[in-house]
Structure formats: C-alpha cells, structure tokens
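Working through the structure, step by step
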Amino acid sequence: YCAGALAAGFGFLWLTKRHEVTITGKATFKTQRLLEFTPRGDSVDGWWGRALTSQLLLHAWWTGGRRWLGHGPASASRAVQRWSSQQAQELSFGESHNDALQLLYEHGVVGLAAAVAFCWPIVGHLQLGDAWSACWVVTVVISLIHWPTRHPSLGLLWLAVSAKLA
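My aim in this report is to walk through the structure given alongside it, one point at a time. Predicted model only: the values in this text are computed from it and were never measured. (Residues numbered from 1 in each chain as written. Predicted model: local features only at pLDDT ≥ 70, side-chain atom pairs only at ≥ 80, totals over all residues. Heavy atoms only, no water.)

What follows deals with the overall build of the chain. Each helix and strand counted, the chain has six helices and two strands in total. Listing the helices and strands of the chain from first to last along the sequence gives α-β-β-α-α-α-α-α. Expressed as a percentage of the 166 residues in the chain, the buried residues total 31%. Long-range pairs, those at least 24 residues apart, make up 58% of the contacts in the chain between residues at least 6 apart in sequence. (Helix = DSSP H or I, 4+ residues; strand = E, 2+ residues; numbered from the N terminus. Buried < 20%, exposed > 50% of the residue type's maximum accessible area, 1.4 Å probe, protein only. Contact = heavy atoms within 4.5 Å.)

So, on to the environment of V123. Mapped onto the elements, V123 comes out in helix 4 (residues 99-123). Sequence separation between V123 and L165 is 42 residues; the distance between their C-alpha atoms is 8.6 Å.

The next subject is the packing of helix 2 (residues 45-63) against helix 3 (residues 75-84). Closest axis-to-axis distance for the helix 2/helix 3 pair is 11 Å, and the angle between their directions is 115 degrees. Here helix 2 runs over helix 3; the crossing is right-handed. Here T53, L56, L57 and A60 of helix 2 come into contact with helix 3, specifically with A76, V80 and W83. Taken together, the residues that form the contact of helix 2 with helix 3 break down as six nonpolar, one polar and no charged. (Axes fitted to C-alpha atoms, helices over the stretch in contact; angles between N-to-C directions. Left-handed = near helix turned anticlockwise from the far one by under 90°. Nonpolar A, V, L, I, M, F, W, Y, C, P; charged D, E, K, R; others polar.)

For the rest of this paragraph, the subject is the pattern of salt bridges. The full count for this structure, using the stated rule, is one salt bridge. R150 is paired through a salt bridge with D99; the nearest N and O atoms lie 3.0 Å apart. One end of the pair, R150, is in the loop between helix 5 (131-142) and helix 6 (152-165); the other, D99, is in helix 4, with 51 residues separating them in the sequence. The class of D99 is buried, set by a relative accessible area of 10%. (Salt bridge = Lys/Arg side-chain N within 4 Å of Asp/Glu carboxyl O.)

Laid out in structure tokens, this is it:
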C-alpha cells in the first residue's frame, strides 16, 4: 500500500509540474486548479522545495567526505539556509522535512545506525490493532515528510510510547 501511495504522490507531482503552463506556480491539470480549496492554497512549490532540499542534503552528505560521522549537530539547518540563497526554487527554512535524511547528514552512518539500533527492538513489539503501535508507526512515517520528533511535546510522547513498547 505504501509503495502505491508513494507512486500516486509522485505521479501527482509530475502531473502538476508538467501542466503548470497556464497558471504559474499553481497545481493545474488542463487549466483546472487542483488544490484551490485547500487551507494552504494551491501552490505545490513547497513540495518541490522539500524534494530539492532532500536531493541537496543527500548529495552533500555523499560528496562531503564525512559519511561516517556526518557534518555535526545543526549543520543541516545552516547548509539549507546557505543553499536556499543560491537556488531559484525557495527551499524550506533550515529543515529537511525528513528526519532520517537530516540525521544522516548531521551524524553520518554512525548516527543513523544508532537510531536504527534504538528502533530495532521496538519493531518486534508492534502489534496490529494496538493504539500504542499505531502511534509509534505514524510518527515514524510522518518523520519521513516532516519533523514531528523535533517538537518537544511530540518527541517526548514518541519516546514515552517507545519505552512502553520496548
């Protein structure tokens, strides 16, 4: 199901970017604005900015020579702000909107391995239909497109749920 949802999302992004010729900066398909009734408006520039930020962070991590230990805490925020001033596309303000990728850039393979080591015992205790398991999985999935664990109230809740499940 997840692969299908991702494929549908990328297909939607491709359609919106391909058919944005009539109304600049808006998600359109044959001149019909697709997202005009959403609370955030109908521009998909933020989605493209997040995708570009992810590409830049991954490329900088791979070519930066610091694959094992990363570039240091809070270095992704500074790098994204620096890259944002050099791009025609507006980037997100200092965050990658992907916790795993930001962790990889800042702390390298060692930091990502530590996060996986933290999560590994919990995965074995997840149960279908359990509210605690659902909370834990939803937070992990959302962290791939946002940074919920960086908000203290959500991060502490996720740690408490992790402790209960472990």
